[in-house]
Amino acid sequence: MSSPTAPMSPNPEPDAVSGPDAVSGPDSAPGPDPELPPESEPGASPAAFLLDRGLARPGEPARWTPLAGGVSSDLWRVDLPGRSLCVKRALSRLRVAADWRAPVSRNAYEWAWMRFAARHRPDSVPELLAHDAEAGLFAMAFLPPERYPVWKTQLFHGRVEVTTAAAVGELLGTLHAASAKDADLAAEFATDDNFHALRVEPYLLATATAHPELSDLLHGLARRTATTHLALVHGDVSPKNILVGPDAPVLLDAECAWYGDPAFDLAFCVNHLLLKSLVLPAFREDLLRSAQVLAEQYLRCVDWEPRQALDARVASLLPALLLARVDGKSPAEYLTDDRHRQFVRGAATALLRSPLPTTADLLTTWTKALDGSTDTA
Ligand SMILES: Nc1ncnc2c1ncn2[C@@H]1O[C@H](COP(=O)(O)OP(=O)(O)O)[C@@H](O)[C@H]1O
Ligand SMILES: [Mg+2]
């Protein structure tokens, strides 16, 4: 969906830009606008923000295009004369059936995570342009999909480049290593409550409720994860949040950033590749090789704790995350075939009951299970 070009106005709501909004400048009040549609956030006008920060000039034509139908944020591509940028704004009320409110401060943590990553790997985050902590929004460079395709899209089209997986593993390991043993970062990202609400509860605890027979194991993993504070975790390292840039992978969407257990990020990302290896049998070999290489490259970077210790936490957490994508609160949208869901339940349950010591062992077991099953061909 895209909106027609409209003069730069403090009300860029997708429904409103099509109207003949008056041109306004930085001096015009950016406060609540009586014409804002009901779902908009009072006092957080993205257009006024761009004017205020000098990212757009009064009267310039601007085309605002919503980028994603996310439940927790508004995200726009903004095309201005000769340049494009991206504005992301956290919603105080999530777009879900239930009245679920989450603090917009997570937008500030996302911005802070991006700033951290930009210090260490500037090519692996979009250029950061401006931030308004109070309004819960920020602006960054827009990275065009022709040059920066989404990794998930590539994978589903069978474009499975093992070098991309290797670069993602190395990037993640480098960022974790750069943040480990950093007391300032630990204090800045003491977001345990957010991480509990966005990750531990919907993934691990909700799955425990769905599987009372595994409840103790899952609660144990939840406890261990929540009480491990070793590095700055991104929290949503999924192929849909990674753009495959010409020089390096670009990581987006760090709303779950938390100083916690780095094993979570690796397990979370490898989990996505394992589930795709199940539903995309034609590309299975490359997807499994990608998972293996990603983990290997990551593990080479682990210098803040014994590698074996981290590897063992990944290998024990991964089956819980596999099961969570079937029976937790955030099921994978592509696991539509009941035979696939049953396969995941069976494999994950066995691995939870008898955890393996390494991610490599887990990959071997998963591969054998796929090969031995007639339901997964
Ligand atoms: N700076 C950017 N440049 C280009 N595309 C982007 C940018 N930021 C986000 N996107 C696109 O929008 C999608 C959603 O962005 P994301 O930050 O992940 O928001 P959400 O929290 O809604 O998932 C991404 O998967 C990507 O395709
Ligand atoms: Mg996202």
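Just so it is clear, the structure is predicted and the values come from calculations on it, not from any experiment.

J.: Before we go on, may I ask you to explain the overall build of the protein in this structure?
T.: On a plain count of helices and strands, the protein comes out with 12 helices and 10 strands. Every one of the 377 residues in the protein was classed for burial, and the buried ones make up 56%. Long-range contacts, defined here as pairs at least 24 residues apart, represent 70% of the contacts in the protein between residues at least 6 apart. Of the roughly 15,900 Å² of accessible surface on the protein, a fraction of 53% belongs to carbon and sulfur atoms.

J.: Is there a simple way to think about the side chain of glutamate 110 in this case?
T.: Within the secondary structure layout, glutamate 110 lies in helix H2 (residues 105–120). Setting aside residues up to four positions removed in sequence, glutamate 110 forms contacts with Lys88, Phe138, Asp253, Ala254 and Glu255.

J.: Just to check I follow, could you spell out the coordination of the magnesium ion (ligand 2) for this structure?
T.: Each donor-metal-donor angle in an ideal tetrahedron of four donors is 109.5 degrees, and each such angle in an ideal octahedron of six donors is either 90 or 180 degrees. Asn241 (OD1) and Asp253 (OD) make up the full set of protein donors to the magnesium ion (ligand 2), lying at 2.1 to 2.2 Å. Here asparagine 241 is found in the loop between strand E7 (231–233) and strand E8 (242–244), whereas its partner aspartate 253 is found in the loop between strand E9 (249–251) and strand E10 (258–260), with 12 residues between them in sequence.

J.: Looking at this structure, I do not really get the packing of aromatic side chains. What am I missing?
T.: In this description, a pair of aromatic rings is defined by centroid distance and the angle of the planes. Within the structure shown, the criterion is met by 10 aromatic pairs. Seen in terms of ring centroids, phenylalanine 195 and phenylalanine 264 are 5.0 Å apart; in terms of plane orientation they differ by 80 degrees. Their pairing is edge-to-face. Here the residue phenylalanine 195 occupies a position in helix H6 (residues 192–210), and phenylalanine 264 occupies one in helix H8 (residues 262–279), the gap between them amounting to 69 residues. Both residues of the pair, phenylalanine 195 and phenylalanine 264, count as buried. A connected cluster of aromatic rings, assembled from ring pairs, spans Phe195, Tyr203, Trp258, Phe264 and Phe268.

J.: Explain H2 to me, please; I cannot follow it from the model alone.
T.: Owing to its 3.6 residues per turn, the α-helix aligns residues three or four sequence positions apart on the same side. The first and last C-alpha atoms of H2 sit 23 Å apart over 16 residues, in line with the 22 Å expected at 1.5 Å per residue. Those residues of H2 lying buried are Arg106, Asn107, Glu110, Trp111, Ala112, Trp113, Met114, Phe116 and Ala117.

J.: Sorry, what's going on with the pattern of salt bridges here?
T.: Opposite charge on two side chains makes pairing possible when the charged atoms of those side chains draw close. Applying the stated criterion to the full structure yields 18 salt bridges. The salt bridge involving aspartate 52 is made with arginine 53; its shortest N-O contact spans 3.3 Å. Residue aspartate 52 is classed as exposed on the basis of its relative accessible area, which comes to 53%. Judged by its relative accessible area of 36%, arginine 53 falls in the partly exposed class. Through salt bridges that share partners, Arg57, Glu60 and Arg83 make up one connected network.

J.: Which parts of the structure should I look at to understand the site of ligand 1?
T.: In the neighbourhood of ligand 1, 16 residues make up the surrounding shell, with Lys88, Ala141, Leu143, Lys240 and Asp253 lying closest. One nitrogen or oxygen atom from the side chain of lysine 88 is found 2.9 Å from an oxygen atom belonging to ligand 1. One of the backbone N or O atoms of lysine 240 is found 2.9 Å from an oxygen atom in ligand 1. Relative to its unbound accessible area of 550 Å², ligand 1 is 86% covered by the protein chains. The residue inventory of the shell around ligand 1, partitioned by class, reads 11 nonpolar, 2 polar and 3 charged.

J.: Looking at this structure, I do not really get the nonpolar core. What am I missing?
T.: Within soluble globular proteins, side chains that are nonpolar tend to cluster in buried spots. Within the largest apolar cluster, 87 residues are counted, with the highest numbers of intra-cluster contacts made by Trp113, Trp151, Leu274, Leu294 and Trp366. The greatest single-element share of this core, amounting to 12 residues, is contributed by H8. Of the domains in this structure, domain 1 (6–141) and domain 2 (151–372) are the two that each give at least three residues to this core. Not counting the four nearest positions on each side in its chain, leucine 274 is found in contact with Leu288, Ala291, Leu318, Leu322, Leu362, Leu363 and Trp366. Counting 17 residues, the second-largest nonpolar core is a separate cluster that includes Ala56, Val78, Leu80 and Ala135.

J.: Sorry if this is basic, but what is going on with the packing of H2 against helix H4 (residues 162–179) here?
T.: Helix-helix packing is described using two parameters, namely the angle between the two axes and the distance between the axes. In the contact formed by H2 and H4, the axes pass within 10 Å of each other and the chain directions differ by 100 degrees. Classified by the angle their axes make, H2 and H4 are roughly perpendicular. Contacts between H2 and H4 involve Trp113, Phe116, Ala117 and His120 on the former and, on the latter, Leu175, Ala178 and Ser179. When its residues are assigned to classes, the contact of H2 with H4 shows 5 nonpolar, 2 polar and no charged.

J.: Mind showing me how you'd approach the packing of helix H10 (residues 307–327) against helix H12 (residues 359–372) here?
T.: Orientation of H10 relative to H12, taken along the N-to-C sense of each, is 35 degrees, at an axis distance of 8 Å. In this structure, H10 contributes Asp311, Val314, Ala315, Leu318, Pro319 and Leu322 to the contact, and H12 contributes Thr359, Leu362 and Trp366. Among the residues making up the contact of H10 with H12, the classes are represented as 7 nonpolar, 1 polar and 1 charged.

J.: Could you clarify how one ought to interpret unusual backbone geometry in this entry?
T.: Backbone phi values are negative for most residues with the exception of glycine, while trans is the configuration of most peptide bonds. If you check the backbone angles, lysine 181 has positive phi at about 60 degrees while not being a glycine. Tracing the sequence through the fold places lysine 181 in the loop between H4 and helix H5 (183–188). Unusually for a residue other than glycine, aspartate 253 sits at a positive phi of about 65 degrees. Under the relative-accessibility criterion, aspartate 253 is labelled buried at 18%.

The rules behind each value
- Residues numbered from 1 in each chain as written.
- Chains lettered and ligands numbered in written order.
- Predicted model: local features only at pLDDT ≥ 70, side-chain atom pairs only at ≥ 80, totals over all residues.
- Heavy atoms only, no water.
- Helix = DSSP H or I, 4+ residues; strand = E, 2+ residues; numbered from the N terminus.
- Buried < 20%, exposed > 50% of the residue type's maximum accessible area, 1.4 Å probe, protein only.
- Contact = heavy atoms within 4.5 Å.
- Areas by Shrake-Rupley, 256 points an atom, 1.4 Å probe, with all protein chains shown as cover.
- Donors = N, O, S within 2.8 Å, 3.2 Å for Na, K, Ca; no water.
- Phe/Tyr/Trp six-rings, centres within 6.5 Å; stacked < 30°, edge-to-face > 60°.
- Expected span 1.5 Å × (residues − 1).
- Salt bridge = Lys/Arg side-chain N within 4 Å of Asp/Glu carboxyl O.
- Near = heavy atom within 4 Å.
- Polar contact = N/O pair within 3.5 Å; in protein donor to acceptor, adjacent residues only side chain to side chain.
- Nonpolar A, V, L, I, M, F, W, Y, C, P; charged D, E, K, R; others polar.
- Core = buried A, V, L, I, M, F, W, Y, C linked by side-chain atoms within 4.5 Å.
- Domains from an automatic or database assignment.
- Axes fitted to C-alpha atoms, helices over the stretch in contact; angles between N-to-C directions.
- Parallel < 35°, antiparallel > 145°, perpendicular 65-115°, else oblique.

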